[in-house]
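# An overview of the molecular structure
What follows is each chain in one-letter form.
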Amino acid sequence: MKRNTALRTRLSVLAATGMSAALVLTACGGDGGNGGDAGSDGEDLNITFLPKNLGNPYFDTSNAGGAEAIEEFGGSYSEVGPQEATPDGQVQYINTAAQQGEDALVISANDPSAICDALNEARDVGVAVVTFDSDTSPDCRDLFINQASAEGIASAQVELVAEQIGGEGQIAILSAAANATNQNHWIELMEAELEANYPDIELVDVVYGDDDDQRSFDQTAALLQTHSDLDAIVSPTTVGIAAAARYISDSNYAGEVAVTGLGTPNQMREYIEDGTVEAFALWNPEDLGYLAAWAAHALATGEIEGNEGDTFEAGRLGEYTVGEGGEVLLGDPFVFTAENIDDFDF
Amino acid sequence: MSTNTQEHGTQSASSVAALARPSQMSTAQRLIRNVLASRETAIVLVILAVIAVATSMNQSFLFSGQGWRDLLLTPSILIVMAVGSAIVIITRNVDLSVGSTLAITAYLTGRLFIDIPGIPVVAVVLIGILVGAGLGLINGALVAFGKVPALVVTLGTMYIYRGAVLTWAGSDRINASDMPREFLRLGTYQVATIPLLTIVAVVVLLAAAYWLASTRSGREMYAIGSNPEAATLYGLPTTKRVITAFVVGGALAGLAGVMYAARYGTVSSGAGMGWELQAIGAAVIGGIAIFGGSGTVWGAAFGAILLMTINRTLPIIGIPDFWQRAVVGALIIGAIVLDRYLSARQSRKLQEARQR
């Protein structure tokens, strides 16, 4: 079994809300046997959610989605987790879940390898293991529910900005650090997308705020000063988008220069309310938890084994197919606007 | 011919005499001389040159409401911190913990608004200053009583304070929507086009300048920094003065933390990381001798303005990120080299004047 952790990247987005958010895209592997014992009845499935830590608004949101799904297919939902987001804190809960004979464990891993042994012991006694938000190595879980693909993230942002400036004008990108793998990959994809489909949008500058509030703020000021005809700033990092919005919200540029990108509702609420920002993207953690619970259901009932090409039903989200490396992609990023931002608290 | 030489000789003799005994010059002469020869004037000229270049590249740098506001607003917080650092450095000490202090009070500001809804802004500002002063007192006490070099003590507290805010805040952050709008508005509020934060910085500067230049305790700061042993032998309250310097430096960092929260609207545990070095850099560029005893808070403030204005100018001229930092480094080294050169020349001249 070849394990190829192709892209382990830190998403500044989530550093903000407390998850280290390793987007582990695995290219290959993942046929590590299936822990879900077939034959369980959907009516009495016991599914445990194990977030990185308790009291984290992001996981409160995702686990609420999980509880909703479990209620729909009629199982029992429980949530356990450590106070601090540490791998050793998660191990005891994994062991407990195995001893109690839970049908499935849905976990956001604090470490890709440190909890592997515990997870595999649980799988040996028939617990289906689904990771979401942050993956482990593919050989210690059955499925990984991936929140977003790089292509999806890039095209969502291009669409948002194109919509907000009417398909033509000058835009600039305010990124994280100049060597941030994720952001650079997205920026490349965004550039390609702009070139291919939006000939009237000119990307005039890419600047780096280092995911530091003050530096991002000052870089925004410099951008606006340097490019007097700028129509929009796109920031594919939560720190950057909040800083850009803060600067623009009480400057003369308010209402003239659009701000969009990737943000969290709590950070952006103020600027959505005062009209500085029309819409921004991220995934919907509630849907992520919802899908993870349905995936756990499909494994535990034996509907699927977690192999590439398996398909399963996920309630209101429709049908999903297991991709390469036992990965299930949630879908396109979710767009937050004034209409829906109050439904979220993370 | 001979008269000419004679005259020349007299003139040079009198100017040399004046160097050794400045009191022989008239007040006006001294004032003009001080202004022309001062380090502060040189920096103001550099700042004006930078602004002129930036404005010629981009009119709106100076001649737009936004440009004008940013010009004044951007350096404000660093001015407050640089003044604090200058006071500490003048006593031949250094405070590396001010960036961490800023982080603590900035985060505290947000927490106060969240945990005590409706708390008056004035109370938050006062608490911020007091907490900063308290953290400064810890530094001061360790340095003054523990007789540990300030560099070591404050390097330690820099990590301890940062660790405290990391533990306290974790990955949590204060968002703009957590703080009342009227507080955030203070961050950009303008009185007759002058931003409020700039006014705060100027008031701090004026008060500190008056204290250091015109009061007994202020002058003693210089004496202690010039020669700590002599100051002690002379009977100056060195322990008390050094602690005072750290308390004032800490209080100003605390104030800067509150200003930071109002200005940036977002506070994470990484706030103010590296600001201690910027504040010290500003002071050094502004002519504060790193070994204490000379320089003015005016210089430190101008140094802060220069640093921040250059930072804003370089992207306009089109200089990439890396070089922006390199320029700051070059400025600091240039300032210190100039400092050494000037003080060596000054002492040589004084020697010559005395030998006559």
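Residues numbered from 1 in each chain as written. Chains lettered and ligands numbered in written order. Predicted model: local features only at pLDDT ≥ 70, side-chain atom pairs only at ≥ 80, totals over all residues.

## Topic: the overall build of chain A
What chain A contains, in helices and strands, is ten helices and 16 strands. With 346 residues in all, chain A has 57% of them scored as buried. Long-range contacts, defined here as pairs at least 24 residues apart, represent 74% of the contacts in chain A between residues at least 6 apart. (Helix = DSSP H or I, 4+ residues; strand = E, 2+ residues; numbered from the N terminus. Buried ≥ 20, exposed ≤ 12 C-beta atoms within 10 Å, placed from the backbone. Contact = placed C-beta atoms within 7 Å.)

## Examining the pairing of strand S11 (residues 258-261) of chain A
All names here are of chain A. Neither face of S11 is exposed, since Ala-258 and Thr-260 on one face and Val-259 and Gly-261 on the opposite face are all buried. Both strand S10 (residues 230-235) and S11 contribute to a ladder of four bridges, which runs parallel. Looking across to S11, one finds that Val-234 is bridged to Thr-260. In this region the chain leaves S10, passes through helix H8 (residues 238-249) and returns to the parallel neighbour S11; the handedness of that crossover is right-handed. (Pairing = 2+ DSSP bridges. Right-handed = clockwise from strand over helix to strand, strands pointing away.)

## Re the pairing of strand S12 (residues 279-282) of chain A
Residue and element names in this part refer to chain A. Neither face of S12 is exposed, since Ala-279 and Ala-281 on one face and Phe-280 and Leu-282 on the opposite face are all buried. Examined bridge by bridge, S12 and strand S16 (residues 334-337) share four bridges and lie antiparallel to one another. Paired with Ala-279 across the two strands is Thr-337, which belongs to S16.

## With respect to helix H16 (residues 297-317) of chain B
All names here are of chain B. Taking 1.5 Å as the rise per residue, H16 with 21 residues should run 30 Å; its terminal C-alpha atoms sit 30 Å apart, in good agreement. Counting buried residues along H16, 18 of its 21 residues qualify, which places the element largely inside the surrounding structure. Gly-318 sits one or two residues past H16 and shows a positive phi near 95 degrees. (Expected span 1.5 Å × (residues − 1).)

## Things to note about the interface of chain A and chain B
Taken together, the contact pairs 25 residues of chain A with 25 residues of chain B. Mapped onto the side of chain A that touches chain B, the elements with two or more residues apiece are helix H7 (213-226), H8 and helix H9 (265-273) of chain A. Per-class residue counts for the side of chain A that touches chain B are nine nonpolar, nine polar and seven charged. (Nonpolar A, V, L, I, M, F, W, Y, C, P; charged D, E, K, R; others polar.)

## Here we look at the packing of helix H7 (residues 98-115) of chain B against helix H14 (residues 238-264) of chain B
Residue and element names in this part refer to chain B. One way to put it is that H7 packs onto H14 with a least axis distance of 7 Å and a crossing angle of 50 degrees. Between H7 and H14, the interaxial angle falls into the category oblique. Seen along the crossing, H7 lies across H14 with a hand that is right-handed. Facing Val-98, Thr-101, Leu-102, Ile-104, Thr-105, Ala-106, Thr-109 and Gly-110 of H7, the residues of H14 in contact are Gly-249, Gly-250, Ala-253, Gly-254, Ala-256, Gly-257, Val-258, Tyr-260 and Ala-261. Considering only residue class, the contact of H7 with H14 consists of nine nonpolar, eight polar and no charged. (Axes fitted to C-alpha atoms, helices over the stretch in contact; angles between N-to-C directions. Parallel < 35°, antiparallel > 145°, perpendicular 65-115°, else oblique. Left-handed = near helix turned anticlockwise from the far one by under 90°.)

## Focus on the packing of helix H2 (residues 57-73) of chain A against helix H10 (residues 285-300) of chain A
All names here are of chain A. At their nearest, the axes of H2 and H10 sit 6 Å apart, and the two run at 40 degrees to each other. Relative to H10, the element H2 is oriented oblique. Here H2 and H10 pass one another in a crossing that is right-handed. Contacts between H2 and H10 involve Tyr-58, Thr-61, Ser-62, Asn-63, Ala-64, Gly-65, Gly-66, Glu-68, Ala-69, Ile-70 and Phe-73 on the former and, on the latter, Pro-285, Glu-286, Asp-287, Leu-288, Gly-289, Tyr-290, Ala-292, Ala-293, Trp-294 and His-297.

## Remarks on the confidence of the model for chain B
Residue and element names in this part refer to chain B. Model confidence for chain B is summarised by a mean pLDDT of 88, while 92% of its residues fall at 70 or above. For chain B, per-element mean pLDDT is lowest for helix H1 (residues 2-20), which scores 49, and highest for helix H6 (residues 76-90), which scores 97. What the predictor reports for the complex is a pTM of 0.77 with an ipTM of 0.75. (pLDDT = per-residue confidence, 0-100.)

## A look at the sheet that holds S11(A)
Residue and element names in this part refer to chain A. Reading across the sheet, the four strands line up as S9-S8-S10-S11 and stay open at both edges, with parallel pairing between neighbours. Strands at the two margins of the open sheet, each flanked by one partner only, are strand S9 (201-208) and S11. The mean inter-strand angle of the sheet, taken between neighbouring strand axes irrespective of direction, is 25 degrees. Note that strand S8 (residues 169-175) and S9 share seven bridges and pair parallel. What sits directly across from Ile-173, in S9, is Val-206. Helix-sheet contacts for helix H6 (residues 181-197) involve S8 and S9, and the interaxial angle to S9 is about 170 degrees. Against the sheet, H7 contacts S8, S9 and S10, and its axis sits at roughly 160 degrees relative to S8.

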